[in-house]
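Structural description and commentary
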Amino acid sequence: MAAPFDTPVLGDVDERRIPALKVGAMAESKPYVATAAHQEPLGFPGVLEDGWEKKAIGRMGELLGKYRSLQVFMDICVKCGACTDKCQYFLGTGDPKNMPVARADLFRSVYRRYFTTAGKLTPGLVGARDMTKEVLDEWFNYFHQCSQCRRCSVFCPSGIDTAEISMAARDIMDTIGQGQKYCNEIIGKVHKVGNNLGLPAPALLNTLEGLEEDILDETGVPVKLPIDVHGAEVLLVTPSADFFAEPHVLGLIGYAKVFHAAGVSWTLSTLASEAGNFGMFIGNYEQMRKISMRIRDAALALGVKRIIFGECGHAWRVAYSFLNTLAGPWDFLDPRYPVPQHILEFTNDLITRKGIKLDKSGNDGMVLTVHDSCNVARGARMGDRPGGQFTIPRDVIRASVPKLIDMHPDTICEKTFCCGGGGGVLTDELLDLRLKGALPRMEAIKEVADRDQVNFVAMICAICKAQFTKVLPYYGFKMSMAGGVHQLVSTAIVLGNEQ
Amino acid sequence: MTTFFAILFTVATLTLVIGLGLKIAQYARTPAPLKIPTTPAPLTKPGVAFRLAREAVVFESLFKANKPLWIFAALFHFGLAVVLVRHVRYFQTEVGPLVALVQPLALPAGLAMLIGLLLLLGRRLVLERIRYITGRSDILMLVLLLGIAVTGMFMTKHVHTDVVAVKAFFTGLLGFEIRSLPGDPLLVVHLLLVAILMIVFPFSKLLHAPGLFFSPTRNQTDTPREHRHLCDWAAKLEDKRS
Ligand code: HEM
Ligand code: HEM
Ligand code: SF4
Ligand code: SF4
């Protein structure tokens with residue numbers, strides 16, 4: 001594959017190589033700026049207008065008053081540098097502005113100038129800067145080189161989460177008319193069509209019918225993929241990629257088979273045909289809330305008793321951590337189940353209760369490893385114990401596949417790397433960044449592939465799946481090596497003799 | 001000299017107390033609209049208290065991040081902690097058991113602090129990554145602390161000052177009474193630097209000490225599904241909901 005840029009060379013994971021600084025290496029990397037057509041439907045100004053500097057500072061002040069995280073994180077960084085070698089984008093690019101503290105300082109320098117005594121009196125001493133076009137451009141470039149993966153927040157002795165700062169910066173840029181095309185275009189589609197991919201209802205119905213036929217052909221069992229069924233027990237909200245392309249659809253087939261085998265009635269919804277919530281990526285509470293309300297509306301309209309989310313990382317963070325805040329309370333749902341539930345919690349529960357049967361021989365020859373999706377790992381949970389987000393997927397995988405090997409301990413669970421495509425950077429013009437950001441993960445995969453003949457990487461996120469299928473080939477791996485956990489359940493589940 | 005220091009320390013103390021008080025009030029007042037603990041996170045309030053205690057006492061996250069830095073940080077901070085406890089004797093007529101306990105530790109604690117500071121400073125100058133993120137204020141802060149530590153240790157080891165008079169001066173100040181302060185140059189420099197430290201504290205990164213306890217990634221329970229978390233400004237948006 002001919003790349004317009006260099007694919008980094010894979011190193012040894014155990015060595016924990018820290019690159020030498022390459023100042024300015026990624027200074028040119030930036031996504032497309034949103035046009036008025038993407039901005040205005042979300043209520044943001046179409047273009048950068050005169051006086052934007054003042055507006056930006058005004059918005060910064062508002063956010064500082066609304067978010068304790070932002071206010072505290074601005075003040076308490078001791079510049080210890082514990083985070084400097086933790087971000088996959090720094091490890092992959094060597095650009096010092098991709099070190100979390102340096103990224104945050106792009107914002108903090110402006111904060112200091114306008115909101116602190118030290119920055120007003122002695123800007124040079126404390127590195128305070130005026131808000132200028134150069135600063136804004138730097139923000140635009142480098143706050144779109146952060147996937148909001150929170151890896152830095154695990155290691156910072158003060159708990160500083162640079163993701164929070166990226167979100168605030170993006171919110172400010174939207175507010176003054178310099179948004180990012182990729183995210184804002186997608187949010188527009190959610191509001192207009194119901195999902196990120198802009199798949200209209202008839203196309204969805206068509207796809208689901210086709211999938212039902214495929215399953216029938218393959219298994220001889222009439223597994224249904226119902227949509228907009230009033231009175232179903234479960235509303236399944238899943239990323240729209242699951243309706244669209246491999247390997248995502250294989251996971252959707254897996255969910256359908258599990259519901260079928262368990263005998264639980266379920267439905268998808270055309271109104272809430274998207275689990276992802278890009279409102280988080282742009283750091284905008286109102287957008288995040290508006291997108292979440294669709295799920296409440298769909299649940300009410302369909303009269304369901306439970307809400308279950310399909311496999312998606314950032315979506316699960318918003319669902320698990322924020323949905324109750326944004327769109328609750330959920331008093332009209334069945335109180336015996338958490339709201340929302342993750343499909344893996346549902347499936348794992350069935351496995352332990354022997355409500356479904358899995359036969360590992362369906363996945364013969366597979367040697368698995370797990371890529372913990374970043375926002376599930378560090379921004380959410382599954383089950384009723386801390387760390388359930390690591391054990392539950394692994395338990396389901398062990399029940400479905402003969403062999404599971406974990407990658408290097410510095411690259412999994414809470415220390416997992418982002419796939420390189422999360423948080424609103426999964427767009428073609430940022431391919432260079434995505435490729436380099438994937439480096440630490442690829443090194444860890446290579447180690448287990450060489451040593452343990454691992455031939456498949458399981459993940460629980462639509463963005464991870466899309467990113468992996470794109471970048472794996474650049475590093476000499478097969479594209480088909482990546483897929484979801486329910487893709488494995490799908491090929492292991494025993495159908496046809498349900499009670 | 002005595003009057004100058006009496007005024008200086010009154011100003012420094014007021015700045016420290018009021019400045020810090022305002023900052024802490026600001027952190028406490030600012031709402032945290034969303035549940036953002038870095039997971040896996042504790043599910044209960046005692047669990048959170050234990051997490052914060054681990055961060056404050058053994059620097060848990062720093063230990064995960066960087067072992068050499070953790071050692072440097074521990075040397076400096078533990079040394080500092082002991083030194084500060086030892087100093088309580090300048091402000092209390094009757095010293096408590098803890099203060100008495102650490103009295104013999106002047107040399108080890110001072111040295112730990114000094115070595116820790118030198119290592120932290122060296123790291124800032126030598127490591128390329130750390131040099132990149134270091135600003136002038138970061139260097140100055142270390143130099144300031146070094147200055148305090150060196151002058152203090154010289155007094156402890158070589159050029160003794162009249163500790164009883166120092167104590168009389170500070171206990172006097174606490175009762176709004178001015179008693180004379182010894183004019184030893186080392187003491188003067190030590191106290192001058194300490195006053196600067198107290199004044200810059202609420203305006204600098206030293207806010208990390210109180211700030212840690214307000215860090216939402218560390219001080220929140222992981223219970224978003226069990227309890228609806230709603231801050232005031234977010235609740236106002238609900239009113240608009242039909
Ligand atoms: C609750 C109390 C405190 C905690 C938990 C704490 C924790 C930390 C941690 C984890 C670091 C990063 C590691 C390092 O660079 O050393 C740090 C840095 C620092 N702390 Fe503290 N600290 C506390 C109180 C203080 C106090 C009272 C002072 C000063 C009077 C102080 C001065 C510093 C300085 C100057 C640095 C930066 C060191 C450097 O330049 O590398 N800390 N602190
Ligand atoms: C008003 C506040 C302070 C006063 C009156 C004061 C006074 C003194 C005196 C009189 C000594 C000599 C002790 C002796 O001869 O045995 C000393 C030592 C020392 N001081 Fe301070 N000091 C103050 C604040 C500080 C602060 C804030 C620090 C650290 C940041 C500090 C660090 C030291 C150190 C490291 C020593 C040597 C070790 C020891 O004796 O514990 N001092 N100080
Ligand atoms: S680890 Fe935290 S305190 Fe240290 S430099 Fe990074 S953001 Fe700042
Ligand atoms: S949140 Fe992730 S991508 Fe962003 S700075 Fe931190 S480690 Fe890097």
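A quick note: this is a predicted structure, and the numbers were derived from the prediction, not measured.

The rules behind these values
Residues numbered from 1 in each chain as written. Chains lettered and ligands numbered in written order. Predicted model: local features only at pLDDT ≥ 70, side-chain atom pairs only at ≥ 80, totals over all residues. Heavy atoms only, no water. Helix = DSSP H or I, 4+ residues; strand = E, 2+ residues; numbered from the N terminus. Expected span 1.5 Å × (residues − 1). Buried < 20%, exposed > 50% of the residue type's maximum accessible area, 1.4 Å probe, protein only. Contact = heavy atoms within 4.5 Å. Donors = N, O, S within 2.8 Å, 3.2 Å for Na, K, Ca; no water. Tetrahedral: all angles 85-135°; square planar, octahedral: opposite > 155°, others 65-115°. Pairing = 2+ DSSP bridges. Axes fitted to C-alpha atoms, helices over the stretch in contact; angles between N-to-C directions. Near = heavy atom within 4 Å. 1 Å grid on protein atoms, 1.4 Å probe; cavity = no way out; pocket = protein on both sides within 12 Å on 5 of 7 lines; lining within 4 Å. Sits in = over half its atoms within 2 Å of the grid points. Nonpolar A, V, L, I, M, F, W, Y, C, P; charged D, E, K, R; others polar. Parallel < 35°, antiparallel > 145°, perpendicular 65-115°, else oblique. Left-handed = near helix turned anticlockwise from the far one by under 90°. Buried area = accessible area lost by both parts, 1.4 Å probe. Salt bridge = Lys/Arg side-chain N within 4 Å of Asp/Glu carboxyl O. Polar contact = N/O pair within 3.5 Å; in protein donor to acceptor, adjacent residues only side chain to side chain. Phe/Tyr/Trp six-rings, centres within 6.5 Å; stacked < 30°, edge-to-face > 60°. Lys NZ or Arg CZ within 6 Å of the ring centre and 35° of its normal. Patch = residues over 30% accessible without salt bridge, like charges linked within 9 Å, V, L, I, M, F, W, Y side chains within 5 Å. Areas by Shrake-Rupley, 256 points an atom, 1.4 Å probe, with all protein chains shown as cover. pLDDT = per-residue confidence, 0-100.

1. Focus: helix H6 (residues 106–126) of chain B
Residue and element names in this part refer to chain B. Between the first and last C-alpha of H6 there are 30 Å, a value that for 21 residues agrees with the 30 Å anticipated at 1.5 Å per step. If you check which residues of H6 are buried, you get Ala106, Ala109, Gly110, Ala112, Met113, Leu114, Gly116, Leu117, Leu120, Leu121, Arg123 and Arg124. At its buried positions, H6 is contacted by helix H4 (67–87), helix H5 (97–102), helix H7 (128–133) and helix H8 (136–157).

2. Here we look at the coordination of the iron atom of ligand 2
Perfect tetrahedral coordination of a metal by four donors corresponds to 109.5 degrees between them, and perfect octahedral coordination by six donors corresponds to 90 or 180 degrees. Residue and element names in this part refer to chain B. At the metal site, the iron atom of ligand 2 is ligated by His87 (NE2) and His190 (NE2), and these contacts range over 2.0 Å. Relative to the metal, the six donor atoms surrounding the iron atom of ligand 2 lie at angles of 87 to 178°, and the coordination shape comes out octahedral. In this pair, histidine 87 sits in helix H4 while histidine 190 sits in helix H10 (residues 185–200), placing the two residues 103 residues apart along the sequence. Note on histidine 87: relative accessible area 25%, which makes it partly exposed.

3. Here's the deal with the sheet that holds strand E6 (residues 403–404) of chain A
Residue and element names in this part refer to chain A. Judged by pairing direction, the sheet is parallel, and its four strands sit side by side in the order E6-E5-E7-E8 without closing on themselves. Two strands bound the open sheet, and with one partner strand each, they are E6 and strand E8 (482–484). With respect to the sheet, helix H22 (residues 485–492) is in contact with strand E5 (367–370), strand E7 (456–459) and E8, its orientation differing from that of E8 by roughly 75°.

4. A closer look at H10(B)
All names here are of chain B. With 16 residues, H10 extends 23 Å between its outermost C-alpha atoms, agreeing within 8% with the 22 Å of an ideal straight helix rising 1.5 Å per residue. Of all the positions in H10, only Leu187, Val188, His190, Leu191, Leu193, Val194, Ala195, Leu197 and Met198 are classed as buried. Each element contacted by the buried residues of H10 is listed here: helix H1 (2–29), H4, H8 and helix H9 (163–174).

5. Some words on the site of ligand 3
All names here are of chain A. Taken together, Cys77, Val78, Lys79, Cys80, Gly81, Ala82, Cys83, Val101, Cys156, Pro157 and Ile160 are the residues near ligand 3. The cavity where ligand 3 resides is the second largest cavity. Among the residues making up the shell around ligand 3, the classes are represented as nine nonpolar, one polar and one charged.

6. A short note on the packing of H6(B) against H8(B)
All names here are of chain B. Packing of H6 against H8 brings their axes to within 10 Å, and their N-to-C directions diverge by 155°. The angle between H6 and H8 places the two elements in the roughly antiparallel class. Crossing angle aside, the handedness with which H6 passes H8 is left-handed. Taking contact as the criterion, the partners of Ala106, Leu107, Gly110, Leu111, Met113, Leu114, Leu117, Leu118, Leu120, Leu121, Arg124 and Leu125 in H6 are, on H8, Asp138, Ile139, Leu142, Leu145, Leu146, Ala149, Val150, Met153, Thr156 and Lys157. Class assignment of the residues belonging to the contact of H6 with H8 gives a composition of 17 nonpolar, two polar and three charged.

7. Digging into the coordination of the iron atom of ligand 1
Residues and elements named next belong to chain B. For the iron atom of ligand 1, the full set of protein donor atoms is His77 (NE2) and His208 (NE2), at a range of 2.0 Å. In this structure, the iron atom of ligand 1 is coordinated by six donor atoms arranged in octahedral fashion, with angles at the metal of 86 to 178°. Here histidine 208 lies in helix H11 (residues 208–211) and histidine 77 lies in helix H4, a separation of 131 residues in the sequence. Residue classification places histidine 77 among the partly exposed residues on the basis of a relative accessible area of 26%.

8. A closer look at the interface of chain A and chain B
On the side of chain B, 60 residues touch chain A, which itself brings 80 residues to the contact. For the pair chain A and chain B, the summed buried area comes to about 5,700 Å², and 57% of that belongs to carbon and sulfur atoms. Linking chain A with chain B are five salt bridges, by the criterion used here. Between A:Glu414 and B:Lys64 there is a salt bridge whose closest N-O contact spans 3.1 Å. At the surface where chain A touches chain B, the tally comes to 39 residue pairs in polar contact (both at pLDDT 80 or more). With nine residues, the top contributor of residues to the side of chain A that touches chain B is helix H15 (residues 313–327) of chain A. Residue composition of the side of chain A that touches chain B, by class: 42 nonpolar, 19 polar and 19 charged.

9. Overview of the packing of aromatic side chains
Tallied over the entire structure, the rule returns 21 aromatic pairs over all chains. Ring plane angle 85° and centroid distance 6.5 Å describe the contact between A:Phe107 and A:Phe143, whose orientation is recorded as edge-to-face. Of this pair, A:Phe107 sits in helix H5 (residues 100–115) while A:Phe143 sits in the loop between helix H8 (133–142) and helix H9 (151–155), and the two are 36 residues apart along the sequence. Grouping residues by exposure puts A:Phe107 and A:Phe143 together as buried. Members of the aromatic cluster, joined through ring pairs, are B:Phe4, B:Phe5, B:Phe9, B:Phe91, B:Phe169 and B:Phe170. Above the face of the A:Trp330 ring, A:Arg296 is positioned so that its terminal group lies 5.7 Å from the ring centre.

10. Here's the deal with a nonpolar patch on the surface
Residues and elements named next belong to chain B. The grouping of Leu14, Val17, Ile18 and Leu22 at the surface amounts to a nonpolar patch, some 410 Å² of accessible area in total. With respect to the element layout, leucine 14 can be found in helix H1. Under the relative-accessibility criterion, leucine 14 is labelled partly exposed at 49%.

11. Quick notes on the site of ligand 2
Residue and element names in this part refer to chain B. Around ligand 2 sit 26 residues, and of these Arg86, His87, Tyr90, Thr156 and His190 come closest. A distance of 3.4 Å separates an oxygen atom of ligand 2 from a polar atom in the side chain of arginine 89. A distance of 3.5 Å is found between an oxygen atom of ligand 2 and a backbone nitrogen or oxygen belonging to methionine 155. Mapped onto the shell around ligand 2, the elements with two or more residues apiece are H4, H6, H8, H9 and H10. The biggest single contributor to the shell around ligand 2 is H8, with seven residues.

12. Things to note about the pattern of salt bridges
All names here are of chain A. Per the stated rule, a full pass over the model turns up 35 salt bridges over all chains. Glutamate 62 is the partner of arginine 59 in a salt bridge, and the nearest nitrogen-oxygen pair spans 2.7 Å. With arginine 59 and glutamate 62 both in helix H2 (residues 52–66) and three residues apart, the pair spans about one turn of that helix. The buried category is assigned to arginine 59, whose relative accessible area is 13%. By relative accessible area, glutamate 62 is classed as partly exposed at 42%. A salt bridge links lysine 436 to aspartate 432, with the shortest nitrogen-to-oxygen separation between them at 3.0 Å. Residue lysine 436 and its partner aspartate 432 are both found in helix H19 (residues 431–437); the two are separated by four residues, about one turn of the helix. If you follow the salt bridges from partner to partner, you end up with Arg59, Glu62 and Asp171 in one network.

13. Observations concerning the confidence of the model for chain B
A residue-level look at chain B finds 99% of positions with pLDDT of 70 or above and a mean pLDDT of 95. Scored as a whole, the predicted complex attains pTM 0.96, and scored at its interfaces, ipTM 0.96.

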